[in-house]
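The chain contents come next:
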Amino acid sequence: MPIRVRLVLLASIAILSMAIGTWLIISRLNDTRTNVEREVLHNNWALDCSSLIHYLQRERGASAGLIAANLKDFDTVKKMRSDSNAALDTLFDNPLATEHRLARLGLADLRVKLMEIRNGVDRRSTDWRRLRDAYTALINTLLGAVSYEMLHEAETYSPKLDVIAELALAREALGLLRATVNSVRGQVIRNTSDQIFIATELTLYRHHLDVVRTHASESEISALHSAVDTPDYTWVMDAINRMLSKHEALIAPPDGDQWWERSSRLIDALKTLEEDLFDKLTRETTEKVGIQKAIVLWLSGAALVTLLILVGFVTITIARMMRDLRELSTALDQIVEKENYAIRLKDRGGRDELSHAFQLFNRLLEFTDRLIRDKETLASMDTLTGVMNRRAFMKYAEREIARATRYGHNLSLVFLDIDHFKQVNDTYGHATGDEVIKIFVDTVKARIRDSDLLSRWGGEEFIIMTPDTGINGVKNFAESVRAGIAATRFPGIEHLTCSLGVAQWKPGETFESFSSRADMALYEAKRTGRDRVCTG
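What you see is a predicted model, and the numbers here were worked out from it, not measured in a lab. Numbering of residues starts from 1 in every chain and runs along the sequence as written. Residues qualify for local features only when their pLDDT is at least 70, as the model is predicted, and side-chain atom pairs are given and counted only at 80 or more; totals for whole chains, interfaces and linings, by contrast, use all residues. Neither water nor hydrogens contribute to the side-chain values; these are computed over all heavy atoms in the structure.

Enquirer: Go over the environment of Asn182, please, and point to the residues and values.
Expert: With respect to the helices and strands, the residue Asn182 is situated in helix H6 (residues 160–184). Put simply, Asn182 and Ala64 are 118 residues apart on the chain and 6.9 Å apart in space, counted from C-alpha to C-alpha. Think of it this way: any DSSP run of H or I at least four residues long counts as a helix, any run of E at least two long counts as a strand, and we number them from the N terminus.

Written out as structure tokens, the structure is:
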């Protein structure tokens, strides 16, 4: 299959893969947006349930008071029922209030049960305890519906729902306290079961508020304190504690109107806080829906533009690749047929693989010349130590002498030789000897300047030329080298020394004479005990 066809096929596969991947990403984002919108619906459902619970609590309290007062304030009850009916209609109008969902959550016969309770009140065929339990059963069903829908069916839910649920439970406990106290406050002798019920609901109320404080944010806790830390709260708690006192016969019950108003204001404050949390949660989810929609829209546009760019890019790339391949094929034919290694491919400055191949091809042609130069370099280098060999040093030494002659600069020479090196080879072997020489050179190289010339003169003998250095300077330098070698640890033999001879070049002196004086100084250093520097 021709390369051109292969490239077109691969490009088509890449474009198709990108289109599929983009479609999958957008579909996933749409699913996420749908989930967020569903979360908004569930939040609204929970808010509608919460509102109905609130009005049923008020209706329960008013009805309980009505039963206890022998049906003297029916107008208030009628107003409460009207509010409950409106909240019930709102709940049943919610998009989630399908027949299937209402039946599953036990809310399908909510209207019927509520009418049965009200008929019992109207016919005076119930007492306040049965009335309380009947309303509480409806409210608990609604609380269960909220909990089930929001915490078990929603894909994701905010931790705020836990706080809202606890607030609803606290409000229900306070509503039961309001209804119960409103019903029994006029009793001369209070029923023990009523007091136990009041004490239980008071404990539950405090427990739910404690849970709210534990899980809520600082701002939510502050709002809760503002709602409950009020004169109404103090008055209501004091009234409840007086109702629970063991001396209840001696304590006057709370005033009915004042009890109803103050406890209702406290419940309303919790309801307001709950609605504020719902509003905040709704804003957050609404913002998430907006963000998801914006992301989908932006990504769809970006994907379309990217696909167009990709198609254009692939087309141009294939055309350029075919052009470069033709050029490369032509150049190879010329090199093979005419052995023309001077030819160079045009470097277009690109960063793609073909441009890189062109650059490598040109570098390959240049490599031949560099091999020749490298061969000369290797010929001038000591293979063991990597420093100049004797022949190369001679060339550079003559250049430095010429420079010193021209400018009148100082020039000095150092001969250095490893003491008793033959013993090292004889005792430890030549491999250890080679390692000693390399460490020796590394130690010397660490102390010379970039302008100094270091060379292996032969065997264990080395030479250093130090431009722009007088006799005192070269003696100090040589001494530092000697001390450095003496302080160096050599593997296997631990310690060795070296002897050094130094000399300063005299104007007009040849290299042979110059190096001979330094060599004689080295001989003197060895003759007089080694591990020292002598001057020639």
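From this point, the narrative continues.
Enquirer: Lay out the pairing of strand S4 (residues 498–504) with the relevant residues and their values.
Expert: Burial classes: relative accessible area under 20% of the type maximum marks a residue as buried, over 50% as exposed, and values in between as partly exposed (1.4 Å probe, protein chains only). The buried fraction of S4 amounts to 6 of the 7 residues, a majority that puts the element mostly inside the structure. For strand S1 (residues 411–418) and S4, the ladder comprises 7 bridges, and the chain directions are antiparallel. Along S4, the bridge assignment pairs Ile418 with Cys498. One bridge is not enough; two strands pair if DSSP finds at least two bridges between them. Direction of pairing for S4 relative to strand S5 (residues 533–535): parallel, over a ladder of 3 bridges. Bridge pairing in S5 links Val502 to Thr535. By convention, orient the strands away from the viewer: a clockwise path from the first strand over the helix to the second makes the crossover right-handed. Where the polypeptide runs from S4 across helix H16 (residues 511–527) and back to S5, its parallel neighbour, the crossover connection is left-handed.

Enquirer: Run through the pairing of S1, naming residues and quoting values.
Expert: Strand residues, when the strand is regular, have side chains that alternate between the two faces of the sheet. Burial of S1 is extensive: 8 of the 8 residues sit out of reach of the surface. Neither face of S1 is open: one carries Leu411, Leu413, Phe415 and Asp417, the other Ser412, Val414, Leu416 and Ile418, and all of them are buried. Pairing between S1 and strand S3 (residues 461–467): 7 bridges, direction antiparallel. If you follow Leu416 over to S3, its bridge partner there is Phe462.

Enquirer: Break down the side chain of Glu400 for me, with residues and values.
Expert: Along the chain, the position of Glu400 falls in helix H12 (residues 390–407). The class of Glu400 is buried, set by a relative accessible area of 8%. Any pair of residues with heavy atoms lying within 4.5 Å of one another is described as a contacting pair. Residues contacting Glu400, with those up to four places away along its chain left out, are Leu411, Leu453, Met465 and Pro467.

Enquirer: Could you give an account of the sheet that holds S3, naming the residues involved and the relevant values?
Expert: The 5 strands lie next to each other as S2-S3-S1-S4-S5, forming an open sheet whose pairing is mixed. With one partner strand each, in any of the chains shown, strand S2 (453–458) and S5 form the two edges of the open sheet. Pairwise comparison of adjacent strand axes, ignoring direction, gives a mean angle of 20° for this sheet. Packing of H16 onto the sheet brings it into contact with S1, S2, S3, S4 and S5, and relative to S4 it is tilted by some 145°. Axis definition: a line fitted to C-alpha atoms, limited for helices to the stretch in contact. Angles are taken between N-to-C directions and run from 0 to 180 degrees.

Enquirer: Mind laying out the nonpolar core, listing which residues take part and the relevant values?
Expert: Note on terminology: a nonpolar core comprises buried Ala, Val, Leu, Ile, Met, Phe, Trp, Tyr and Cys residues joined through side-chain atoms within 4.5 Å. The biggest cluster of nonpolar side chains holds 72 residues, and the ones touching the most others in it are Trp45, Leu142, Tyr205 and Val228. Ranked by residue count, the leading element in this core is H6, at 12 residues. Residues in contact with Tyr205, not counting those within four places in the same chain, are Ala170, Ala173, Leu174, Val228, Tyr233, Met237, Leu266 and Leu270.

Enquirer: Please give an account of H12 that cites residues and values.
Expert: Every helix has an expected span of 1.5 Å times one less than the residues it contains. The terminal C-alpha atoms of H12 lie 26 Å apart, and with 18 residues this matches the ideal 26 Å at 1.5 Å per residue to within 8%. Tucked inside the fold, the buried residues of H12 contact S1, S2, S3 and H16. Within two residues after H12, Gly408 carries a phi angle of roughly 70°, on the positive side.

Enquirer: Lay out the packing of aromatic side chains with the relevant residues and their values.
Expert: Classification of ring pairs rests on two measures: the distance between centres of Phe, Tyr or Trp rings, Trp counted by its six-membered ring, which must be within 6.5 Å, and the angle between planes, read as stacked under 30 degrees, edge-to-face over 60 and tilted in between. Summed over the entire model, instances satisfying the criterion amount to 6 aromatic pairs. By way of ring pairs, the aromatic residues Phe393, Phe415, Trp457 and Phe511 are connected into one cluster.

Enquirer: Give a detailed account of the packing of H6 against helix H7 (residues 192–215), specifying residues and quantitative values.
Expert: In contact at an axis separation of 8 Å, H6 and H7 are set at 155° when each is read in the N-to-C sense. For the element pair H6 / H7, the angle class is roughly antiparallel. As for the relative orientation of H6 and H7, their crossing is left-handed in sense. Contacts between H6 and H7 involve Val163, Glu166, Leu167, Leu169, Ala170, Ala173, Leu174, Leu176, Leu177, Thr180, Val181 and Val184 from the former and Asp194, Phe197, Ile198, Glu201, Leu202, Leu204, Tyr205, His208, Leu209, Val211, Val212 and His215 from the latter. All residues other than Ala, Val, Leu, Ile, Met, Phe, Trp, Tyr, Cys, Pro, Asp, Glu, Lys and Arg, Gly among them, are scored as polar; the first ten of these are nonpolar and the last four charged. Tallied by class, residues from the contact of H6 with H7 come to 18 nonpolar, 3 polar and 3 charged. Between 65 and 115 degrees an angle is taken as roughly perpendicular, under 35 as roughly parallel, over 145 as roughly antiparallel, and anywhere else as oblique. In this scheme, a crossing is called left-handed if the near helix is turned counterclockwise away from the far one by less than a right angle; it is called right-handed if the turn is clockwise.

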